[in-house]
Amino acid sequence: MNAKSPFKIFIVEDDPWYGQLLKYHLSLNPDYEVSLLTTGKDCLDQLSQKPDVVCIDYNLPDTTGDKLLTNLKSVCATLPVVVISGQEEIAVALNLLKLGAAEYIVKDEHTKDMLWNTVRQLRENATLRRELTELTALVETKFSFEKNIIGESPALKKTFALMQKAASTLINVSITGETGTGKEVVAKSIHFNSDRKKKPFVTVNMAAIPADLLESELFGHERGAFTGAVAQRIGKFEEANGGTIFLDEVADLDLNLQAKLLRVLQEREVVRVGGNQRVKLDVRVITATHKHLGEQVKQKQFREDLYYRVLGLPIELPPLRERGQDILLLAQHFVNEFAAINKIKSPQLRPEAKEKLMHYNYPGNVRELKAVVDLACVMGNGAEVTAHDICFSPAQADQEFTVLEKTMQQYSCDIIAFYLKKYNNNVVLVANKLDIGKSTIYNLLKRNEISLS
Ligand SMILES: Nc1ncnc2c1ncn2[C@@H]1O[C@H](COP(=O)(O)OP(=O)(O)OP(=O)(O)O)[C@@H](O)[C@H]1O
């Protein structure tokens, strides 16, 4: 069954009048396609039509309800089977339900309505199951390494190899890298490619939670543990049980909580704040930080014993500026993503726009590139993205000078042009500000090395 195809129902009933009555009643729903069959054999022969529900009469000419139910379940264990019976014996009903009947309905004046409700309920369940299957498939594709972590640079390929190792084992993982390099995406990908993918992935950002709340956030609390603890609450570690906990910005954890975290990791159990019951834990720990944890240890900001506990498999994500052509692969990916979300055709990235994207240092890494590309798609004319549409954040723009690798003369021209624009082409004022001669500026203008804007 999918959203558009009808919901197929088989009614297996040897009494033609009663069979027609049930068929007519269910067919009142235009989404249902109801077939009437008269024997168990017919029903089994027609299973290739893939019914969504089979409703069988208990007493059929060639078989009984329990036998047909067993046969149907052996062909398709998940097929919902509703048994309709003239007898009200509780033992029969119990036996059928034990054999896997979805529902047992007694033949009386309420049968039609009971069947209607049962089929509606089964259809809702089937829809939910289908949505769950689709979502699970989506989550799995969403986090397949190469499809979603864009990049082919040697640095990233090395990362993929490490991620593969992390996904196939249970080792703790520590991810380092500048902000926006993809630490969280990598952590999620490891989880969703591991045996734990159907269990929870729980993120806690140590830097985002006030220190006095963090302990109960991580480990939970019992009712009355502190003012405001009006009810028992399980912590993130318990929430992640069976799955993965992602401790983001772990270097920001204060020394007191570091000691508590160490104890939890060593004992593999947690005691909620204000409680004494020990809860066993089976949690994979992935940590991330943009700081250098080894340095933090040297500076006594991070406990050495905890450092070795969480280190596990270290994965260092390179900054975007060291990933070469990955910048363009990512830019194209974000252009396509923008177009898909906004239901438009992907605009072309002009060669000068690509050139400009390649010559920037991206202090905000992939997150910044995405923001720049999204904005460029908005600013562009829809068909193409030009260099003019690419705007880097003014807060970072000055850093362009450090990565463009221009000659001193070119840098001078850029600076003079910048000042001319800032001071409305007032050459005298700019010469004063930069402490250079007016003739220097005029000469550059004459040689077209700079131009007035
Ligand atoms: N290689 C990549 N391919 C596609 N998208 C990426 C890639 N790396 C990062 N992103 C995207 O960039 C954004 C930032 O990634 P993420 O949040 O994982 O970075 P982070 O290193 O955890 O950042 P922070 O240190 O600030 O928490 C997200 O939107 C993410 O989907």
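Conventions we followed
Residues numbered from 1 in each chain as written. Predicted model: local features only at pLDDT ≥ 70, side-chain atom pairs only at ≥ 80, totals over all residues. Buried ≥ 20, exposed ≤ 12 C-beta atoms within 10 Å, placed from the backbone. Helix = DSSP H or I, 4+ residues; strand = E, 2+ residues; numbered from the N terminus. Pairing = 2+ DSSP bridges. Axes fitted to C-alpha atoms, helices over the stretch in contact; angles between N-to-C directions. Contact = placed C-beta atoms within 7 Å.

Trainee: I keep staring at the pairing of strand β8 (residues 244-248) and nothing clicks. Help me out?
Mentor: Taken residue by residue, a regular strand's side chains alternate between the two faces of the sheet. Most of β8 is tucked away: 5 of the 5 residues are buried. By the alternation rule, side chains of β8 split into T244, F246 and D248 and I245 and L247, which are all buried. The pairing of β8 with strand β11 (residues 284-289) spans 5 bridges and is classified as parallel. Within β11, the residue paired with D248 across the bridge is A288.

Trainee: Where do I start with the sheet that holds strand β12 (residues 313-316) in this structure?
Mentor: Adjacent strands of a sheet form backbone hydrogen bonds with each other and so pair up, either parallel or antiparallel. The 5 strands are arranged β7-β8-β11-β6-β12 in an open sheet whose pairing can be described as parallel. Both edges of this open sheet fall to β7 (201-205) and β12, since each of them pairs with a single strand only. For this sheet, the mean inter-axis angle between neighbouring strands, taken without regard to orientation, is 15°. Running at roughly 150° to β12, helix α7 (residues 154-167) makes contact with β6 (173-176) and β12 of the sheet.

Trainee: So what exactly am I meant to see when it comes to the sheet that holds strand β5 (residues 103-106) here?
Mentor: Ordered in space as β2-β1-β3-β4-β5, the 5 strands form an open sheet in which the pairing is parallel. Strands with a single pairing partner mark the edges of an open sheet, and in this sheet they are β2 (32-37) and β5. Averaged over all adjacent pairs, the angle separating strand axes in this sheet is 20°, with direction ignored. Sheet topology places strand β4 (residues 81-85) next to β5; 4 bridges connect them, and they run parallel. What sits directly across from V83, in β5, is Y104. Along the sheet, helix α1 (residues 16-27) contacts β1 (7-12) and β2; its crossing angle with β2, the most-contacted strand, is approximately 175°.

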